[in-house]
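# Observations on the three-dimensional arrangement
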Amino acid sequence: MLKFFKYLAIVEGYSFLLILFLTMPLKYLGGIMWPNKFMGMTHGVLFLAYVVVTIVLAQMAKWSFKKLAVVLVMSVIPFGTFWMEKNYLEETSEVEA
């Protein structure tokens, strides 16, 4: 479950960066709307999956509230999921599903 969560965090992080640095400038500077609509929906689904899997994993691994809060907050900070996946989850052992 932890391995799946780490991959999900990376994909969600990339989708967030694509919105911020590619599709938003296309929308507001170039007037091209469709990439932002597509990536917005994709990122929305990935973000919701990230939140749900975070809560499930926190219950399974018996994380403290502080750890749960940090992992959730990292999803709304650019590059946060990459830092969190690499450094913050390093000490967490694999949780059997």
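Shown above is the structure to which this text applies.
Residues numbered from 1 in each chain as written. Predicted model: local features only at pLDDT ≥ 70, side-chain atom pairs only at ≥ 80, totals over all residues. Heavy atoms only, no water.

One non-glycine residue with positive phi stands out, namely Lys62, at about 55°. You can see Lys62 is positioned in the loop between helix 2 (34-61) and helix 3 (65-73). With a phi angle near 70°, Phe79 is a residue other than glycine that sits in the positive phi range. (Helix = DSSP H or I, 4+ residues; strand = E, 2+ residues; numbered from the N terminus.)

Once that is clear, we can look at a nonpolar patch on the surface. Nonpolar side chains collect at one region of the surface, where Leu20, Phe21 and Phe79 lie side by side and expose about 310 Å² of accessible area between them. Tracing the sequence through the fold places Phe21 in helix 1 (residues 2-30). Overall, the relative accessible area of 56% leaves Phe21 in the exposed class. (Patch = residues over 30% accessible without salt bridge, like charges linked within 9 Å, V, L, I, M, F, W, Y side chains within 5 Å. Areas by Shrake-Rupley, 256 points an atom, 1.4 Å probe, with all protein chains shown as cover. Salt bridge = Lys/Arg side-chain N within 4 Å of Asp/Glu carboxyl O. Buried < 20%, exposed > 50% of the residue type's maximum accessible area, 1.4 Å probe, protein only.)

Enumeration over the complete set of coordinates arrives at four aromatic pairs. Taken together, the aromatic side chains of Tyr14, Phe21, Phe79 and Phe82 make up a single cluster linked through ring pairs. (Phe/Tyr/Trp six-rings, centres within 6.5 Å; stacked < 30°, edge-to-face > 60°.)

Now for the packing of helix 2 against helix 3. When two helices pack together, their arrangement is given by the angle between their axes and by how far apart the axes lie. It is the contact of helix 2 with helix 3, at a shortest axis distance of 10 Å, that shows an interaxial angle of 165°. Between helix 2 and helix 3, the angle is such that the two are roughly antiparallel. Taken as a pair, helix 2 and helix 3 cross one another with a handedness that is right-handed. Each of Tyr50, Val51, Thr54, Ile55 and Ala58 in helix 2 lies in contact with helix 3, whose residues at this interface are Leu68, Val71 and Leu72. A class-by-class count of the residues in the contact of helix 2 with helix 3 yields seven nonpolar, one polar and no charged. (Axes fitted to C-alpha atoms, helices over the stretch in contact; angles between N-to-C directions. Parallel < 35°, antiparallel > 145°, perpendicular 65-115°, else oblique. Left-handed = near helix turned anticlockwise from the far one by under 90°. Contact = heavy atoms within 4.5 Å. Nonpolar A, V, L, I, M, F, W, Y, C, P; charged D, E, K, R; others polar.)

One finds Phe5, Tyr50, Trp63, Val71, Met84 and Leu89 to be the most contacted residues of the largest nonpolar core, which totals 16 residues. Looking at this core, the elements that each hand over two or more residues are helix 1, helix 2, helix 3 and helix 4 (80-88). Here this core gets five residues from one element, more than from any other, and that element is helix 2. Discounting chain neighbours no more than four positions away, the residues touching Met84 are Phe5, Ala9, Tyr50, Val71, Met74 and Leu89. (Core = buried A, V, L, I, M, F, W, Y, C linked by side-chain atoms within 4.5 Å.)

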